[in-house]
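Residue-level structure breakdown
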Amino acid sequence: MPGRPISENKRDPLRTSPVGSSVDSTADLRVRLAQGGILPAVAVIHALSGLFLMHLYAHHMTTDTPSYISIARHYAEGRLHDAVNWVWSPLLSWLLVPFLYLGVDPIAALHLLALAAGIAGLIGCEGIFRELVIEEPARTIMLLSLVPVIHAFSIVNPNPDFLVAVVLLFYVRFAIARDYAGRPRDGAFCGLLGALAYFAKAYAFPFFVLHFSLVSACRYYGERDSIRRTNVRRSFFLGLAAFLLVSSVWIGILYVKYDRLTIGAVGAYNLRLVHDGSGLSYLSGGLAEPPTPSALSAWEDPAQLAEGRLKPLDPSRVLSDTMPRMGMNALKAVDAYQAGSVFSMAILACASIGLIGMSARATIGNVKFLLLLTILLLPAGYLPLLVDRRYLYLGILLIHALGGSLVFGWQGQTPRKKTISLLVLCLSFILVPMRDLRANVHSNREVHELASVLAVQGVQGRLASNGLYDRSLFLAHFVAEGRGGTTFLGVTPPGASANELDAALQCHRIDYYLCWDGYPCRLNPGYPAIVSVGPGGLRACRTR
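These notes cover the structure that comes with them. (Residues numbered from 1 in each chain as written. Predicted model: local features only at pLDDT ≥ 70, side-chain atom pairs only at ≥ 80, totals over all residues. Heavy atoms only, no water.)

Pairing is possible between side chains of opposite charge, provided their charged atoms come close. Scanning the model with the defined rule gives 17 salt bridges in all. A salt bridge links Arg79 to Glu77; its shortest N-O distance comes to 2.4 Å. Judged by its relative accessible area of 48%, Glu77 is partly exposed. The closest approach of N and O atoms between Arg228 and Glu223, which form a salt bridge, is 2.9 Å. We classify Arg228 as partly exposed; its relative accessible area is 27%. (Salt bridge = Lys/Arg side-chain N within 4 Å of Asp/Glu carboxyl O. Buried < 20%, exposed > 50% of the residue type's maximum accessible area, 1.4 Å probe, protein only.)

Printed below as a string of structure tokens:
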């Protein structure tokens, strides 16, 4: 409690050894670390280990990654109209632009951005630890344990999911600060961070509006002093104004291009996708032109690609399917949090139990209550659509912080038992990330090697394939990076006859058709196979 003296058998949170200890040099070192020295050290460890890992994931991508890179190229080459996109949020592509100007390989640039975001994430987590009054020895262990976790979040998924988690982490750090009511201008910083998160991912827009409103209400009713209440109210309006003012810039740009007032099209696209029920099988529905001539593929605008391929929404079916889907996705959200650590649900339960007995005013203004609110609210907007662990990175990081707080605040236990418990807890958060890192080592290396062979043989231009949409898209990306002027038109329907296939290839002016082993290739035998890689693995046939 404020003003309460530290008893002799208690340690100052900023002191790791008693005054007058015989090991003065060790004590001095620990004091220096407690004053902030450990965070730069962990950041250096994170950066060095990340640089070492880069060559193990030199070609790693997900299906969305080429689109972000292609959009960044639009910006870098001055095609601003082509660069504006209502599906893929702009922040990641904006951050890639300077690297592309400097000629850095785009995947390497993504890794460098991941390292920077990881260091920012460590800073944000350390701030959350301080708000939870976690002592320095525990903070050190917890920060070190986050290094592999953050590498997995940012390297295995080189998309904006971790980026938006980091931005929101800083926003949460401001919003739950114990002295928030004493600094009304912090509300403006919250609004700016909320807008930045929206630029990283459209989901952050509704999440910020709802979360900031609820947290502000909790902070308001949790304060007794009228002046502090006034400050909280002022912070709310300042934050909301800053958020809407900055966000409206991008909303206005989308309106100019698409003639529609929207924060983005990804929500409507996902709604159609989940209610269609066929998943991404529509990608095998035939060839499609990209949204702009300079785009790598039609996947640069999935909403346009899905138009006419997915079933139109049936309102009655949407209503009847939504509740069962929300229940199913709620279980998926629990599984996603449990994948973060097997102790996740226990941590949430214990943190909730710890609030029992407090007054309502004390509870809703409590830091742990606000973190629980954030963790539970984060997946709410995904429940009617779909839930994936990468959407909940922020929640996993906050559960990690709550778990450390519970362990170190465990009454009646010796420091040794607390340290062992904390090590076990941190290990539980590392297991799945280590598995993910191992599973993706040298991912897409063989695809990159295939692209090198194709480039040597002069394969470029307009490409199509008979299957494996993802691998074909990656192949087109690597060919385009090496030679430029390459576009991937998609996958032909598996049931197309030889005449239908030939007509589609001619209609879309396909230069090369990629035939993957294991998929039907009813190509006219008159088209020569320019490249045959491996024992039937891939044939590239010139069709024009």
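Below, the discussion takes up the packing of helix α11 (residues 266-276) against helix α13 (residues 315-340). Any two packed helices are characterised by how steeply their axes cross, that is the angle between the axes, and by the distance between the axes. Direction vectors running N to C along α11 and α13 enclose 85°, while the axes themselves pass 11 Å from each other. Relative to α13, the element α11 is oriented roughly perpendicular. Packed against α11, whose contacting residues are Val274, His275 and Asp276, the element α13 presents Arg317, Val318, Asp321, Thr322 and Arg325 at the interface. Partitioned by chemical class, the residues of the contact of α11 with α13 number two nonpolar, two polar and four charged. (Axes fitted to C-alpha atoms, helices over the stretch in contact; angles between N-to-C directions. Helix = DSSP H or I, 4+ residues; strand = E, 2+ residues; numbered from the N terminus. Parallel < 35°, antiparallel > 145°, perpendicular 65-115°, else oblique. Contact = heavy atoms within 4.5 Å. Nonpolar A, V, L, I, M, F, W, Y, C, P; charged D, E, K, R; others polar.)

On to the environment of Val256. Inspection of the secondary structure puts Val256 in helix α10 (residues 226-258). The spatial distance from the C-alpha of Val256 to the C-alpha of Lys418 is 57 Å, given a sequence separation of 162 residues.

Now for the side chain of Asn329. Looking at the secondary structure, you find Asn329 in helix α13. By relative accessible area, which is 1% here, Asn329 ends up buried. When residues no more than four places from it in sequence are discounted, the contact partners of Asn329 are Tyr382, Leu383, Pro384, Leu385, Leu386 and Val387.

A surface patch of nonpolar side chains, about 340 Å² in accessible area, is lined by Val342, Phe343, Ile420 and Val424. Examined against the element boundaries, Val342 turns out to sit in the loop between α13 and α14 (344-353). Look at Val342 and you get exposed, because its relative accessible area is 59%. (Patch = residues over 30% accessible without salt bridge, like charges linked within 9 Å, V, L, I, M, F, W, Y side chains within 5 Å. Areas by Shrake-Rupley, 256 points an atom, 1.4 Å probe, with all protein chains shown as cover.)

Along strand β1 (residues 461-465), five of the five residues are buried, which leaves the element largely enclosed by surrounding structure. Examined bridge by bridge, β1 and strand β2 (residues 486-491) share four bridges and lie parallel to one another. Its bridge partner being in β2, Arg462 is matched across the sheet by Thr487. Pairing of β1 with strand β3 (residues 512-516) involves three bridges; the strand directions are parallel. (Pairing = 2+ DSSP bridges.)

It is worth spelling out the state of the cysteines at this point. Summed over the entire model, instances satisfying the criterion amount to one disulfide. What pairs with Cys515 in a disulfide is Cys521, and their sulfur atoms sit 2.0 Å apart. Between Cys190, a free cysteine, and Cys218, which holds the nearest cysteine sulfur, the sulfur-to-sulfur gap is 14 Å. Distance from the sulfur of Cys541, which forms no disulfide, to the nearest cysteine sulfur (Cys515) is 4.7 Å. (Disulfide = S-S within 2.5 Å.)

Here we take up helix α18 (residues 415-439). Between its first and last C-alpha atoms α18 spans 37 Å; for 25 residues at 1.5 Å apiece the expected length is 36 Å, and the two agree. A bend of about 30° at Ile430 is the largest found in α18, and the proline Pro433 appears one to four places after it. Within α18, the full set of buried residues consists of Lys418, Leu422, Leu425, Cys426, Ser428, Phe429, Ile430, Val432, Pro433, Asp436 and Leu437. On its buried face, α18 sits against α6 (136-156), α13, α14 and α17 (393-408). (Expected span 1.5 Å × (residues − 1). Bend = angle between axes of the 7 residues up to and from the residue.)

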